[in-house]
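Structural characterization, general
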Amino acid sequence: MKPKYQVIIDEIKSHILSGSYTIGEQIPTESALQGIYKVSRQTVRKAILELSKEGFLRSEKGSGTYVSNHFRSKTGGTATNKTIGVITTYISDYIFPSIIRGIEGRLNEDNYSLLLASTNNDVAQEKKALEMMLSFGVDGLIIEPTKSNLYNPNIAYYLALKEQDVPFIMINAYYEELDVPFLCLDDVQSSYLATKELISKGHTQIGIIAKMDDLQGKFRMKGYIKALGEAKLRFHPEQVLSFDTETKPDLSTNLKKFLTDNRDALTGIICYNDEVGLEVVHVCRQLDISVPEHLSIIGQDNSYIAKNANIKLTTLTHPQEQMGRDAADWVIKKLQGKKDLRTNTYYPPVLMEGETVRALEVQRG
């Protein structure tokens with residue numbers, strides 16, 4: 001459990017970094033803070049002293065305590081060594097090492113430092129990461145949004161970045177509430193092409209596994225529905241398995257039920273990504289469902305795990321390293337004062353044929 005003075009420190013910092021308390025604004029008096037936090041005057045003074053040392057507050061004798069921006073000069077990069085912050089949902093998993101490699105490669109060319117944080121797709125951890133970046137005084141930011149298909153309680157921090165003219169760009173997704181620059185795969189097109197591929201091979205009973213707390217999942221579902229509609233195929237709600245960050249650990253168990261229930265109906269499945277695609281392959285083996293003879297599977301993202309699996313997964317491309325490089329390039333150019341930079345980019349996906357799709361034999365009358 002945190003000491004009481006630390007709770008006060010953390011909350012006042014959050015108010016400052018999110019813009020609730022503006023630079024130069026007077027914070028509540030010691031007496032008011034005592035009442036708010038139900039603590040002694042000594043505890044309040046200890047918190048104010050610590051915040052003053054860190055440059056978040058300054059006290060004027062006989063007047064009060066005011067918000068200071070001195071914390072930025074204490075921690076931020078110098079003119080010769082600018083720092084770009086990078087916040088991703090994950091760091092060491094899946095396609096993220098490739099994205100970070102692209103960012104790092106581009107930053108190194110112009111001698112920028114990199115400050116890295118991850119959120120594990122958790123908004124509380126995103127808040128901490130944003131506060132760390134704002135406290136450090138990064139010159140620019142590259143952000144992969146957390147739970148981008150849900151309301152985000154950290155919007156105030158992004159608005160604070162805008163107000164402070166800290167350039168930032170989002171990758172893989174964006175918050176629809178905010179008008180921000182972003183670099184994304186065309187996720188609608190990715191799932192659309194995947195579904196069209198199965199339809200072209202004679203499949204009419206096609207399911208989808210979608211992660212619905214991220215914008216990518218929403219758009220990949222949209223592409224699937226679009227392709228079914230164009231082919232005049234019915235959308236069957238029972239052929240959809242959705243999951244989110246919290247239920248992802250139960251995916252294997254839920255897949256067993258889903259595949260068992262749809263064993264005689266489904267001939268093909270569009271998967272949220274390669275990780276899910278290979279999990280489907282794994283569960284099919286447990287259930288003695290042969291791939292692709294009885295079930296065709298398409299992943300998405302063309303990840304290293306798809307390339308190195310013991311079955312070559314049919315998948316769609318993702319720009320990965322190029323996206324990272326382009327994001328870093330955008331921030332550097334923005335800091336250099338370049339105008340007319342693109343505010344959004346969609347990378348076109350390309351189908352990569354593998355061993356997990358087969359053509360159905362056409363029944364002839």
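The structure contained in this document is the topic of the report that follows.

The rules behind the values
- Residues numbered from 1 in each chain as written.
- Predicted model: local features only at pLDDT ≥ 70, side-chain atom pairs only at ≥ 80, totals over all residues.
- Heavy atoms only, no water.
- Phe/Tyr/Trp six-rings, centres within 6.5 Å; stacked < 30°, edge-to-face > 60°.
- Buried < 20%, exposed > 50% of the residue type's maximum accessible area, 1.4 Å probe, protein only.
- Helix = DSSP H or I, 4+ residues; strand = E, 2+ residues; numbered from the N terminus.
- Lys NZ or Arg CZ within 6 Å of the ring centre and 35° of its normal.
- Pairing = 2+ DSSP bridges.
- Axes fitted to C-alpha atoms, helices over the stretch in contact; angles between N-to-C directions.
- Contact = heavy atoms within 4.5 Å.

**Some thoughts on the packing of aromatic side chains**
Enumeration over the complete set of coordinates arrives at eight aromatic pairs. Relative to Phe-96, the ring of Tyr-90 lies with its centre 6.0 Å away and its plane at 55°, an arrangement referred to as tilted. Using a relative accessible area of 22% as the deciding quantity, one classes Tyr-90 as partly exposed. With a centroid separation of 5.4 Å and an interplanar angle of 70°, the aromatic rings of Phe-182 and Tyr-346 are classed as edge-to-face. Taken together, the positions of Phe-182 in strand E7 (residues 182-185) and Tyr-346 in strand E13 (residues 344-347) put the pair 164 residues apart, joining distant regions of the chain. Phe-182 sits in the buried class, given a relative accessible area of 7%. Classification of Tyr-346 by relative accessible area gives partly exposed; the value is 39%. Cluster of aromatic residues (ring-pair linked, three or more members): Tyr-158, Phe-168 and Tyr-175. Across from the ring centre of Tyr-272, 5.5 Å away, lies the NZ or CZ of Arg-220, which sits over that ring.

**Looking at the sheet that holds strand E8 (residues 206-211)**
Strand order across the open sheet formed by four strands is E9-E8-E10-E11, with parallel pairing between neighbours. Among the strands making up the open sheet, the edge pair consists of strand E9 (240-243) and strand E11 (296-298). Neighbour-to-neighbour, the strand axes of this sheet turn through a mean angle of 15°, independent of strand direction. Here E8 pairs with E9 via four bridges, running parallel. Bridge pairing in E9 links Ala-210 to Ser-242. Against the sheet, helix H8 (residues 187-200) touches E8, strand E10 (268-271) and E11, its axis set at about 170° to E10.

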